[in-house]
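What follows is each chain in one-letter form.
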Amino acid sequence: MTDRLTIALIYGSGREGRFADTIAGWLEPELAGFGQYTIIRIDPAELTFTPGGLDEASAALVESRISQADAFLIVTPEYNHAYPAALKAIIDSCFRPWHAKPIAFISYGGVSGGLRAVEQLRLVFAELHAVAIRETVSLAHAWTHFDPVGNPFRPGQLNAQLAILLKRLTWWADALKAARTTTRYDEAAA
């Protein structure tokens, strides 16, 4: 199948000086190079948060973009052995638009490379009826993988990992898109 797919690239961190910008700066041209993806961005730095989560306008924007997406690619750090609160607010802003869609992770952090955050996110997305794929690009000590202007020191290695992740994400996106077209997910257990 593999028609053009819409991938929502979700930044996990909204912190000033975040490393997600470096990773996304490498990632977006790579995704464009595959030529089969339309990329939409969900960036917590561009959203407004309240003590209860996203404000109404931000929540509507996020829900719209999640609804448009066929798949998700989440770039997340690990903060204190977990994923950031801004990412949780984005995730919790809607429910049904996540259903029966695949999610892949590019994680980063210190020695764990963000994998503890990813393991927790897998549990969250299972509850949302989304499919977290096995492949993950994990960057331990992420700042050692890129030069000061954001170019990877070992692009071949990093791009090879990304290529495998994208092939699996595309397979799942195509399969689940076809399934959603045949039967609405909510109707499958009705």
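Bear in mind that the values here come from a model prediction, so they are computed numbers and not experimental data.

Overview of the environment of Ala-117
For step 1, the next point in the chain: Along the chain, the position of Ala-117 falls in helix H4 (residues 115–127).
For step 2, the next point in the chain: It is 7.3 Å that separates the C-alpha atoms of Ala-117 and Pro-77, two residues lying 40 residues apart in sequence.
For step 3, the next point in the chain: With sequence-adjacent residues up to four places away left out, Ala-117 is seen in contact with Pro-77, Glu-78, Ala-82 and Tyr-83.

Details of the packing of helix H1 (residues 20–34) against helix H5 (residues 155–182)
Angle between the axes and distance between the axes are the two parameters that describe a pair of packed helices.
For step 1, the next point in the chain: Packing of H1 against H5 leaves a shortest axis separation of 11 Å and a crossing angle of 55°. In terms of orientation, H1 lies oblique with respect to H5. Pair H1 / H5 crosses with right-handed handedness. Residues Trp-26, Leu-27, Glu-30, Leu-31 and Phe-34 of H1 touch H5, and the partners they reach there are Leu-158, Asn-159, Leu-162, Ala-163 and Leu-166.
For step 2, the next point in the chain: Each residue belonging to the contact of H1 with H5 can be placed in one class, and the counts come to 8 nonpolar, 1 polar and 1 charged.

Thoughts on the sheet that holds strand S1 (residues 5–11)
For step 1, the next point in the chain: Strand order across the open sheet formed by 5 strands is S2-S1-S5-S6-S7, with parallel pairing between neighbours. Strands with a single pairing partner mark the edges of an open sheet, and in this sheet they are strand S2 (37–42) and strand S7 (131–140). With strand direction ignored, the average angle separating the axes of adjacent strands in the sheet is 20°.
For step 2, the next point in the chain: As paired elements, S1 and strand S5 (residues 71–77) share 5 bridges and run parallel to each other. Counted as the bridge partner of Leu-9 is Leu-73 from S5.
For step 3, the next point in the chain: Where helix H3 (residues 85–92) meets the sheet, its contacts fall on S1, S2 and S5, and the angle it forms with S1 comes to roughly 140°.

Focus on the packing of aromatic side chains
For step 1, the next point in the chain: Inspection of the entire model under this criterion finds 8 aromatic pairs.
For step 2, the next point in the chain: Centre to centre, the rings of Phe-19 and Tyr-108 are 5.9 Å apart; their planes meet at 55°, and the pair counts as tilted. Note that Phe-19 is positioned in the loop between S1 and H1 and Tyr-108 in strand S6 (residues 102–109), a separation of 89 residues in sequence.
For step 3, the next point in the chain: Classification of Phe-19 as partly exposed rests on a relative accessible area of 21%.
For step 4, the next point in the chain: Tyr-108 sits in the buried class, given a relative accessible area of 6%.
For step 5, the next point in the chain: Ring centres of Phe-19 and Phe-146 lie 5.8 Å apart, and the angle between their planes is 65°; on these two criteria the pair is classed as edge-to-face. Here Phe-19, found in the loop between S1 and H1, pairs with Phe-146, found in the loop between S7 and H5; they are 127 residues apart in sequence, far enough to count as distant.
For step 6, the next point in the chain: Here Phe-146 falls in the buried class, since its relative accessible area comes to 4%.
For step 7, the next point in the chain: Through a chain of ring-to-ring contacts, the aromatic side chains of Phe-19, Trp-26, Tyr-108 and Phe-146 assemble into a single cluster.
For step 8, the next point in the chain: Taking NZ or CZ as reference, Arg-15 lies 3.6 Å from the ring centre of Tyr-79, over its face.

Some thoughts on the packing of H3 against H4
For step 1, the next point in the chain: Contact geometry of H3 with H4 gives a least axis separation of 12 Å together with a crossing angle of 15°. Classified by the angle between their axes, H3 and H4 sit roughly parallel to one another. Seen from above, H3 lies across H4 with right-handed handedness. Contacts from Leu-87, Lys-88 and Ile-91 in H3 reach Leu-121, Val-124 and Phe-125 in H4.
For step 2, the next point in the chain: Its residues placed into classes, the contact of H3 with H4 shows 5 nonpolar, no polar and 1 charged.

What counts and how
- Residues numbered from 1 in each chain as written.
- Predicted model: local features only at pLDDT ≥ 70, side-chain atom pairs only at ≥ 80, totals over all residues.
- Heavy atoms only, no water.
- Helix = DSSP H or I, 4+ residues; strand = E, 2+ residues; numbered from the N terminus.
- Contact = heavy atoms within 4.5 Å.
- Axes fitted to C-alpha atoms, helices over the stretch in contact; angles between N-to-C directions.
- Parallel < 35°, antiparallel > 145°, perpendicular 65-115°, else oblique.
- Left-handed = near helix turned anticlockwise from the far one by under 90°.
- Nonpolar A, V, L, I, M, F, W, Y, C, P; charged D, E, K, R; others polar.
- Pairing = 2+ DSSP bridges.
- Phe/Tyr/Trp six-rings, centres within 6.5 Å; stacked < 30°, edge-to-face > 60°.
- Buried < 20%, exposed > 50% of the residue type's maximum accessible area, 1.4 Å probe, protein only.
- Lys NZ or Arg CZ within 6 Å of the ring centre and 35° of its normal.

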